[in-house]
Every structure is written in structure tokens, then in C-alpha cells.
Amino acid sequence: MISSWPLLSVVTFLPLTGVLFLMLIRGNEESIAANSRLVALWVSGFTFLLSLYLYIGFDPEIVGYQFEERADWITGSGISYHLGIDGISMPFILLATFLTPLSILASWKSITHRARDYMIAFLVLEVMMVGMFASLDMLMFYLFFEGVLIPMFIIIGVWGGAERVYAAFKFFLYTLLGSVLMLVCMLVMYQMVGTTDIPALAAFAFSPEVQFWLFLGFFASFAVKVPMWPVHTWLPDAHVQAPTAGSMILAGVLLKMGGYGFLRFSLPMFPDASEYFAPFIFVLSIIAVIYTSLVALAQSDMKKLIAYSSVAHMGFVTIGIFTLTEQGIAGAMFQMISHGLVSAALFFCVGVVYDRLHTREISAYGGVVDAMPRYAAFFMFMMLASVGLPGTSGFVGEMLVLVGAWEASHWVAILAATGLILGACYMLWLYRRVVFGRAEKPEVLEMAALDRREVMIFVPLTILVLWFGIYPATLLDVMAYTVSDIMANVASDLSIQTVMR
Amino acid sequence: MFYQAIVFLPLLGAIAAGLFSLRQQNSAAIAVSVSGVVISFILSLFAFAHVAMGGNTEIVSVARWINSGTFEANWQLRFDTLTAVMLIVVTGVSSCVHIYSVGYMHHDKAIARFMAYLSLFTFAMLMLVTADNLVQLFFGWEGVGVASYLLIGFWYHKESAHTAAMKAFVVNRVGDFGFVLGILAIFTLTGSVSFDAIFADTASYQNAVITFSGISLPALEVVSILLFIGAMGKSAQLGLHTWLPDAMEGPTPVSALIHAATMVTAGVFLVCRMSPIIEYAPIALDVITIVGASTAIFAATVGMTQFDIKRVIAYSTCSQLGYMFFAAGVSAYPAAMFHLTTHAFFKALLFLGAGSVIHALSDEQDLRNMGGIWRKVPVTYTMMWVGSLALAGFPFFAGFYSKDMILEAAYGAHTGVGMIAFWLGCAAALLTAFYSWRLLILAFHGQPRASAEVMSHVHESPNVMTLPLIPLALGAIFAGWAGYELFVGHDMAAFWGDSIFILPSHTAMEAAHHVPLWVKLLPIVLATSGVLGAYIAYVKMPHLPAKIASACGGFYDFLFNKWYFDELYDRIFVRPAVLFGGWLWRRGDKGTIDYFGPDGLSALVGRLSSRLVHIQTGYVYHYAFAMMIGVVVLLSWYFSGFGR
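Presented here is a report on the structure given in the accompanying data block. Just so we're clear, the structure is a prediction, and the values are computed from it rather than from any experiment.

**A word on the overall build of chain B**
Each helix and strand counted, chain B has 31 helices and four strands in total. A globule of 644 residues ought to have a C-alpha radius of gyration of about 26 Å, and chain B, at 27 Å, matches this closely. Seen through its C-alpha atoms, chain B measures out along the principal axes to roughly 90 × 60 × 55 Å. The buried share of chain B, taken over its 644 residues, is 61%. The averaged location of the 34 negative side-chain charges in chain B is 10 Å from the averaged location of its 31 positive side-chain charges.

**Points about the interface of chain B and chain A**
Interfaces are often sized by the accessible area lost when the parts come together. Between chain B and chain A, the contact holds 64 residues from the first and 72 residues from the second. At the boundary of chain B with chain A, total buried surface from both sides reaches about 6100 Å², with 73% on carbon and sulfur atoms. The interface formed by chain B and chain A includes two salt bridges. Across the chain B-chain A interface, the total number found is 14 residue pairs in polar contact (both at pLDDT 80 or more). Counting residues per element, the side of chain B that touches chain A draws most heavily on helix α6 (residues 159–190) of chain B, at 16 residues. The residue inventory of the side of chain B that touches chain A, partitioned by class, reads 38 nonpolar, 17 polar and nine charged.

**Description of the packing of aromatic side chains**
Applying the stated criterion to the full structure yields 83 aromatic pairs over all chains. Aromatic pair Trp411(A) and Phe212(B): ring centres 5.8 Å apart, planes at 70°, arrangement edge-to-face. Here Trp411(A) is found in helix α19 (residues 410–434), whereas its partner Phe212(B) is found in strand β3 (residues 209–212) on a different chain. Judged by its relative accessible area of 29%, Trp411(A) is partly exposed.

**A few points about the nonpolar core**
Membership of the largest hydrophobic core comes to 446 residues, with the highest contact counts inside it found for Phe218(A), Tyr375(A), Phe71(B), Tyr149(B) and Met274(B). The element that contributes the greatest number of residues to this core is helix α15 (residues 326–357) of chain A, accounting for 19 residues. Excluding its chain neighbours within four sequence positions, the residues that come into contact with Tyr149(B) are Met380(A), Met383(A), Leu428(A), Tyr431(A), Phe436(A), Ala165(B), Met166(B) and Phe169(B).

**Focus: helix α12 (residues 256–269) of chain A**
Residue and element names in this part refer to chain A. Between its first and last C-alpha atoms α12 spans 19 Å; for 14 residues at 1.5 Å apiece the expected length is 20 Å, and the two agree. Along α12, the largest kink reaches about 35° and is centred on Phe 262. A large share of α12 lies buried, amounting to 13 of its 14 residues.

**Remarks on the environment of Gly399(B)**
Residue and element names in this part refer to chain B. Here Gly 399 shows up in helix α17 (residues 398–412). For Gly 399, a relative accessible area of 1% translates into the label buried. Residues Gly 399 and Ala 476 lie 77 residues apart in sequence; the distance between their C-alpha atoms is 7.6 Å. Once residues within four sequence positions are removed from consideration, Gly 399 is found in contact with Phe 346, Ala 390, Gly 393 and Asp 404.

**A short note on the pattern of salt bridges**
Applying the stated rule across the entire model yields 20 salt bridges over all chains. Salt-bridge contacts for Asp451(A) lead to Lys109(A); the nearest nitrogen and oxygen are separated by 3.2 Å. Taken together, the residues span a long stretch of sequence, with Asp451(A) in the loop between α20 (442–445) and α21 (452–470) and Lys109(A) in the loop between α3 (90–106) and α4 (115–134) at a distance of 342 residues. According to the relative accessible area criterion, Asp451(A) is partly exposed, its value standing at 23%. Linking Lys167(B) and Asp246(B) is a salt bridge whose minimum nitrogen-to-oxygen distance equals 2.8 Å. Residue Lys167(B) is found in helix α6, and its partner Asp246(B) is found in helix α9 (residues 243–246); the two are separated by 79 residues along the sequence. A relative accessible area of 16% means that Asp246(B) is categorised as buried. Three or more residues are tied together by salt bridges with common partners; here these are Arg78(B), Asp80(B), Asp132(B), Asp196(B) and Arg273(B).

**Points about the side chain of Ser33(B)**
Residue and element names in this part refer to chain B. Along the polypeptide, Ser 33 turns up in helix α2 (residues 26–53). Residue Ser 33 is classed as buried on the basis of its relative accessible area of 0%. One polar contact links the side chain of Ser 33 to the main-chain carbonyl oxygen of Ile 30, over a distance of 3.2 Å. Here Ser 33 is in contact with Gly 13, Ala 17, His 98, Met 115 and Ser 119, once residues within four sequence places are set aside.

**Here's the deal with unusual backbone geometry**
Residue and element names in this part refer to chain A. Here Val 226 and Pro 227 are connected by a cis peptide whose omega angle stands at -15°. Position of Pro 227 relative to the elements: it lies in the loop between α9 (208–225) and α10 (234–241). Cis geometry marks the peptide bond from Trp 229 to Pro 230; its omega dihedral reads 0°. By the secondary structure assignment, Pro 230 is in the loop between α9 and α10.

**Some details on the packing of helix α13 (residues 271–297) of chain A against helix α27 (residues 565–596) of chain B**
Two elements in contact, α13(A) and α27(B), have axes separated by 7 Å at closest approach and are oriented at 110°. It follows from the interaxial angle that α13(A) and α27(B) lie roughly perpendicular. Of the residues in α27(B), those touching α13(A) at Tyr291(A), Leu294(A), Val295(A) and Leu297(A) are Ala577(B), Val578(B), Phe580(B), Gly581(B), Leu584(B), Trp585(B), Gly588(B), Asp589(B) and Ile593(B). Looking at the contact of α13(A) with α27(B) residue by residue, the classes come out as ten nonpolar, two polar and one charged.

What counts and what doesn't
Throughout this document, residue positions are counted from 1 along each chain, in the order its sequence is written. Here the convention is simple: chains get letters from A, ligands get numbers from 1, in the order in which they are written. Only residues with pLDDT of at least 70 get local features here, since the model is predicted, and only at 80 or more are side-chain atom pairs given and counted; chain-wide, interface and lining totals rely on the full set of residues. Values reported for side chains reflect all heavy atoms of the structure, with hydrogen atoms and water molecules removed beforehand. Helix numbers and strand numbers start at the N terminus; a helix is a DSSP run of H or I with at least 4 residues, a strand a run of E with at least 2. Note on method: radius of gyration uses C-alpha positions; expected globular size equals 2.2 Å times residues raised to 0.38. Relative accessibility decides the category of a residue: with a 1.4 Å probe and only protein chains considered, values under 20% of the type maximum give buried, values over 50% give exposed, and everything between is partly exposed. Only four residue types enter the tally: Lys and Arg on the positive side, Asp and Glu on the negative side; His and the chain ends are excluded. The atom standing in for a charge is NZ when the residue is Lys, CZ when it is Arg, CG when it is Asp and CD when it is Glu. Note on contacts: a residue pair qualifies if any of its non-hydrogen atoms lie within 4.5 Å across the two residues. The buried area of a pairing is the accessible area, by a 1.4 Å probe, that goes missing from both parts when the two are put together, added over both. Salt bridges are identified by distance alone: a Lys or Arg side-chain nitrogen within 4 Å of an Asp or Glu carboxyl oxygen. As used in this structure description, the phrase polar contact means that two N or O atoms lie within 3.5 Å; if the pair is within protein, one of them must be able to donate a hydrogen and the other to accept it, and residues adjacent in sequence are counted only when both atoms belong to side chains. All residues other than Ala, Val, Leu, Ile, Met, Phe, Trp, Tyr, Cys, Pro, Asp, Glu, Lys and Arg, Gly among them, are scored as polar; the first ten of these are nonpolar and the last four charged. The criterion for an aromatic pair is that two Phe, Tyr or Trp rings (for Trp, the six-membered ring) have centres within 6.5 Å, with stacked assigned to planes under 30 degrees apart, edge-to-face to planes over 60 apart and tilted to the rest. Only buried Ala, Val, Leu, Ile, Met, Phe, Trp, Tyr and Cys residues count toward a nonpolar core, and they belong to the same one when joined by side-chain atoms within 4.5 Å. What a helix is expected to span follows from its residue count: subtract one and scale by 1.5 Å. Bend, at a single residue, is the angle you get between axes fitted to the 7 residues ending at that residue and the 7 residues starting at it. Axes here refer to lines fitted to C-alpha atoms; in helices the fit is confined to the stretch in contact. Angles between the N-to-C directions go from 0 to 180 degrees. Working definition: roughly parallel below 35 degrees, roughly antiparallel above 145 degrees, roughly perpendicular at 65 to 115 degrees, and oblique for all remaining angles.

Below you can see the structure in the form of C-alpha cells.
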């Protein structure tokens, strides 16, 4: 029965029903807030369960798209409503539907002002995220890709910190520049191929000269999203100003849009340009790893520190993708999912203490472990996952990326691996200053221990990070066939080009 | 299930103890963690009989792990002789330390958490020694690192404790950097990370090269040196040793288990495990020998001057690890493993004895505040004598067999570096005896220097702390004599089987049995002189040490300050990194990217008119950043051309 449903569309748009319910809620402000939270949690939770149904029905051994849906959109124009998932979009959809209910739970108490609007923004955000990962039409992809920004702008701009306007503005400037260039490239591609269908575009052989320019246009947009050095400076500000849940989604899912874009567009459609630009991207990524790690060392704001660490970790992702090796790409995918879970948890770690002391200054803490021993344990675990401890998900991605990097160039692997040392420095130092020591400030001693809601957010994240670290096959198997398919296409395309030269 | 149980029982113990610690059920936590490790030890004895004595190798698959394309690393346990020896050492010492801790940590409210960490460490160490591939070995390697981090920083209220914990982790990460690159290099070279596949035909890689920017280096040399860098970090060899003395901030049972008997020997184990590769890397072998010998003498010189009882023993550990490495460096892996085993017994004994002294003196660690207590703590005193006799290598104690074997092998190697190692090792042997008896005399003899209040509380430790010392003492006395024929004597080849590989042309092990008599006698003579020296300096003429110290002035300060390694690293790495990070943030992110990027765009209209003025800002960092962009372009070109 259910198999005849357009399941992917249902998963994508289900949160909109929640938006509808939210609009219908009546009552005084307090009851609206309470009911909004519940509705948002239930709807996003149910969406997650449905996406699990997708996962169960997903056959990792099929190369190509599954749960495909296609309908004419603008007849005769080559633009259609086209959804479908493969091994690289499936994990991201799960990541998005998994993190959304957790983020809603994370904002349970901290958002009291206009809670209904906040929840609407989150559900719309979820639609945009899932829709983007499920789109197989370039125009749809573009709409979702840019649409994601709207609820995020609102979340930062309305519920953010004191300098939220500056942060949102900065984010806007960077994104605008990238998006304009990407849109131009999309128009050019539509002109050349006559369709916006992603599989058709991937099958089309663009000449190397055209690829060169198209690659750069897409790169401008994706690099901002990742973010790659030197277009990363919006991220620390956006994170610092965003509410906790906004940071969780921003780091957890939104940063992955760039990496996903590279895998969905750049590699399959512009393989020659990808190979041509790989050294350039390695250099930017290595700078990202080393530079932002050093910058992270110098931060006195917890959120900023973790934001900079995100840039460093995403540097591994871009290295992995452009090694154009199977391990590199699988490692990059794995690193993205792992980082999604770990950074969301780390931002929540900051949020938990921020809710209590209302400051993110590292020096305001110290000795938190006395007041909050369980918090210290969760934070410790996520900190270790962030530095890539084997047995956590953080290790698998980094290891595979390095395997690929060593194959591509020894120096890239060597320089990237310095991130292992630097990462340990700033994370352990942060942890030491916040959690260890003797609590001398009275307000730190009086911090309340984790409540049940907070534990409920930490526990699933911890279980997944541990599970993916011990049995990564759960994830690697899902994407293995798609990754080797991408690889095979890139390789065959490159070899054809070599023959033609 | 039998083999899995050895490894996973301590993990179950750790998890259960961790859960009990949440509910403050201390006795339950103690019971599960102790029984997990003790059962694991008993099973290890059977495994040893079957694997090492029976000459079998067992491979036990557990689960898939990381599989991507041709890269395959699975959870798989390997039991061969090398593993079996380590199993006995790890579970044996761990059992003693678990039991000892019940007494030692008795007053600590967090004892349940402590026991959980100890068991977690034991599990990670067992994963390390039973690994069937390099990636799983790295899992154990990092796992013991984390357990060590948690245990050094166990008393997290102390600034010095969590500083030391972090230092240990970070310094080890520097070594891990080499280890990871070594794994990558091996994978590209052999297409696998599993030991059987890597070692299948190492001779065929002799001419393989790894190319860095057009320079071709012999692949096996590169691999061996990279892995040895990892070993240097974990085993605290010269250069990466700075964390080990600081690690003494952890509770004393931790020092005994992790920082003396087991974890720090992981590097030696790794080198022995990789012998089929390292044997074909003559330069790497020489490097290992030199680093090992230098560490042996360096740590001994520092050990002479320290006043913290645990730090003296820590430097001694560092020094003894140096012996093990230079043994491996002259291809005498069995001698290295032999010393590893005997050392585990007597060094754990010394540490636990020191813990007992510290306990008796109300947490006093400074030798200058001890003395005159030997009648009050007779058992501890005896144990410390046994440990010191074994460490100094007096005849028929454990160290006598293993340390002499190493020195004889170094002499028997008949190579230049072998002779350097031999002489440095002999000098270190003299110093070892000296600082051991210096410690004994200062701690137990002479006039009491502690306050009357402390002295009135001095008492022998309870049975739960003295009983575990007995098996260790027995090991310190008999392990050398009992293990000699198996480890390094006639039965050596049959005992080690395939687990250690030595090229037929590397004859140090064989030659060690045929060295001149003076080579055999010299270490004993030196050890005796060391003891006499300590006796003269600290009993007969107690004013002598201070006189010598002031006479040597600068040199004494140099030794006392541990050759200024910490200060040096702080100057050239730690502080510059933080300062540079701050500079990048202010001048790079804020001063340049934002300045010219978003902030600049926002003021673009206003600035257009005076654009020229702004370009010539005169700020050095703007030019510096322009240069960095140039570097990006240059490096991109470079990688595209030569990177492969």
C-alpha cells in the first residue's frame, strides 16, 4: 500500500502540515508557546520516523536513484518536478530529519519569545533541507538551496544575540555573491542542454573549457557554504549570534550543502575541471585546517572556538572529495555526517551552559564538572569525537580522507594530518578551561545539573557517534555503490578526455 | 568466546563500574572491575599455554569495521607469542594494580570512577596487543592514550593534574601524527593494513620508493621511521618524553600500571610487531638504536637529580625504555621483549612501593622530607629493595638477565651504533644503580626529615596494598631466571615462532651469547660502583652531593631542569602557536578578509573615491596577506606539478 505513495514528497513536505497546525493554534501566549513546541516536536519526530522508513526501503546495492518521482512542471521546458535519492543523499536526509526534532527539543526552554513563529521557521527549514537533498532537478535544487537561507536568516535575525544584524548581513553578502554566480552558470547549462534535469546534466559531456567556468561559478557558491578559507568569516559570527538550535542545524546540516553540492554537481558534471582545480582546493583546504585551528586556539568565546573548529573539519571534507579516490570521497561523506552529529552536540554543550550563566566566555567557567558531572561526561565524549578518537565516528572519516589524500599527494596528507595535533590542542584546552579545575565562582557552583530533556538530546547523539565509530558499515554500505559509481564516471570521463587530447 | 572474553571482560567491567559509579555504589563497582580483570588474567594464562608454549597462532574475527573500496580494517584479534607475552604482562600487572587500588584509593569518593577508568585502560591495552591490523592497533593506541589522559587528570581539581593530562595527550598526538602517516604509507605500499598481508612478502618491497616532491626515499625506511615516531611518543623517547614525568600527577597505581609496566611499552611492542618490515630498514634500525641509547643515558642523568620520588622512578622508566629500543635497534627483539616483561614486574613493584611510602607519609612525595622510616614500613622497605636490586641488575634478579642480555646484544651486534649503545647503556647502568640507592637511602634511612606530626602517623599499608606486591616481587626475583631460556636462550626460536622476524644476517642475538667475559662482568661492576657511590654520597659524606651540585653549577642546573626541554618547547611551539593564532585572527580574519570582504563591500561606495589611498594602507599585515594569496597560487601550481 504505502509503497505506492510518493513517499519522498511526503517526507519532504510533511513538516508543512505542522506549520498549518501551528497557525491554527489559539489561546494566550503561554499556551500557544507550549502547544507550538509540542506540535513541532511531534511533526518533526514523525517525519524522522518516516525517513527511517525510506532508509529501510532503500537498497544500497542499486546504482542510480530510488523513490524517484517525476512530474511535468513547466511543460515542454525541460523543467520538471523531479525527486529521488541515492547513496549520497540518503544519509543527509536522515541527518536533517534526525537533527530537527533534537534542535526543537534543545530550544524548549530557551525560546519563550514568539515561540510559534520560531517553530514555524524550523519546520520550514526542515522542508527546505530535505527538499534540497532530494531534488533531482537543478531549478528545484536552486530554490531549496537558497530557500534554506530564509528561515535561517529569520532564526538568527529574530532570536539571535546582540549583533545578529551584522552577522546576518555578513552571511547574506557572502551567500549573495556565490549564488549569483551559480545562478548564471545554471542558466548557461540550461541554455546548452535544454533541461534542468540533474541526471541528464550529469550525462551531458561539457567541453573542458566550459567546465572550467561552470566549475568556478558553482565553486563560488559551494565554497561559501562549506565554508572554505578565505570565505569562512561569516560562520563564526553567524554561530555566535544564532540561538543554540540554530547553530546545531547550521553546523549540523547547512554546512554540508556545500560538500553535497560538490558531489552532486561538480564531480559528475565537471570532472575535468574538478581534476584541474583539485590542487587549488587542496591548498585552500590545508590552509583551512591549519589556519583555522590556530585561530581557534586564540578564541576566548566557546562558540567561536567550535565554529572555527568546524571550518577546520570541513577542510578535511573538501580534501577528501577532491582526492577523486573512493576512500577520499567516502571519507568526506562520513566526515560530513559525523561532523553533523558531533558539532551539533558540541554547540548544544555550549547552549547548555549558556542557558545557565548567559555567557559564552570561556573564562567565566572553570570547574563545571563539580556542578554538572554528567554534562562533563557527555562533553568529554564529544570533545574526543571531535579530535577523531578511534571508536568514535570522527576517526573513520578522517582516516579515510587521509588514505585518499596520501594517494593523491603525500604532502597533502602530511599537512592535513597536522590537524590531528592542532585539533587536540584547542579542544582539550577548551575542555580543560571550562570543565576542569576547582570551581571558584559561586555562580558556577550553583549551576543546575543536566535535566532529563537535556539528557534526552545527548543520549541519541552519543549513541550514534559511538555506533558509527564502532560499526561504520551502517553508513559506509549505504553510500559505497553511489560513491564508486561517481568515481567510475569521473574516471571514465577523464580517460576519454585524455585520449582525445 | 574464550579469546574474546580475555579482551572484552575488562570492557564489561569498565562499563558496569561506570554505571555503578553514577549511583555511588562503590563496592559493586570495585567488585566488577577487579573480577573482570582477574578472570581475564586467568584466561590469559591458558591462552599463553596454548599460543606461546604450544606454538599456535589464533585469529579471531569479531566484526567488520572500516571498509571502503580496497581499504579494509576489521575488528579481528590476533593471538601469537608476542601477543601472549603482552597478555600476561598486561592482565597480570593490571590485576595487581586493581587490587592495590582498592586500598590506595580507599578514601577517595570517586573510587568507582577510578576503577572504571583502570578497566577501560586495560581493555584498550588488550585491543592494542591483540590487534590483527594496524588500524585496530591504532584504536588501542589512542584508547590507552585517552585512559591515560583521564587517569592523569583524575584529580581534576589540581591545576597541575589536568595540565599534565592535556600535555600527555597532545605530545602523544605528535607521535600519532607519525603513526597515522606510517599506516597510510604501508597501505599504499602493500595494499593492506592487516599484518598477515603486510608481512607476506616484505622482502619484495626492498626496492620500493616513496616520492616526496621528486625525491625518492626507500619506502620501508620511511614507513619504519614514521611508525617509530609514533612509538617515540607513546614510549616517551628523547624529544617526545616530556609528558611522562608530568604524568606522575596521576594517582600512583596509575603510574605503576600505565606509565611503567604497560602503556609506555606499547612503542617497544609496536617495533617488535613490525620487525618483518623494520628488519629491511637498516637506517631506521640505526635511528632506533641511537634514540634508544640517548634516552637511556639522558633519563638516567636527570633521574639522579630529581627529588620527587615518583619522578625519579619515571625517569628510570624512560631510561629503561631506551634500553628496550636500542635492543630492538640491533635486531635483538627477543631481548627487548624480555626486558619489557621483567621491567613490568620490578617497575610496577617500585611504583607501588613508592605509593606505599607516599601513603605512609601522608601524601609526601619529596625525598627531602622523608627518611628514617624503614623500621616502620618493613614490607614496603623490603619490596623497594627487591625492586631496586632487580632494576640495577644484580645477579639472579630479573633485571640481571634481561638488561645484561641487551648490553651483550648491543656489543655483539659489532656495529658502530651498537657499540655506542653498549657504552651509553653501561654508563646508564652505573647511574641507574646510583639513583636507585639514592632513592632508597633518602626515603628510608638517615634522620627523619618529615614533621613529627607526619612521623607519628607513619604506618605499614594494609594487606590489600601489600599483598599485590608479592606476585610482583616474585616476578622481580624469578622472572629473569625463569624466562631466560624461552625468551632469549635455547628455546628462543621455537618460542617466538613467526611473531618476530630477524634477518639471518642480523646476528646480535646469537653473538650476545659469545661475548668476552669482561662484557658480561662490566654491568655488575658498574652497578656495584653505583650503589657504593650512592652509599658514600648519601650516608658516609652527606654533604658531598650539595658540594658537587654547587661545584658543577650550570651543569647541575641543566640536569635538574631536565635539560630545559619543557622551556624550549614552550618557547618554540606552545607560545608562538597561540600568539600566531591570535595574530591570524586579528590580522587575517578581521583585519584582512573582513576588512576587504563584507565590511569593505559595505563601505564600497564611500571608499571608491579614495580607493588608491586605501590600497596603500601601509599596514604590514595587508601586504603579508597579499603574499599569502601569492603563496596559495604558487603552491597550487606546485602540487599540480610535483605533488604526486
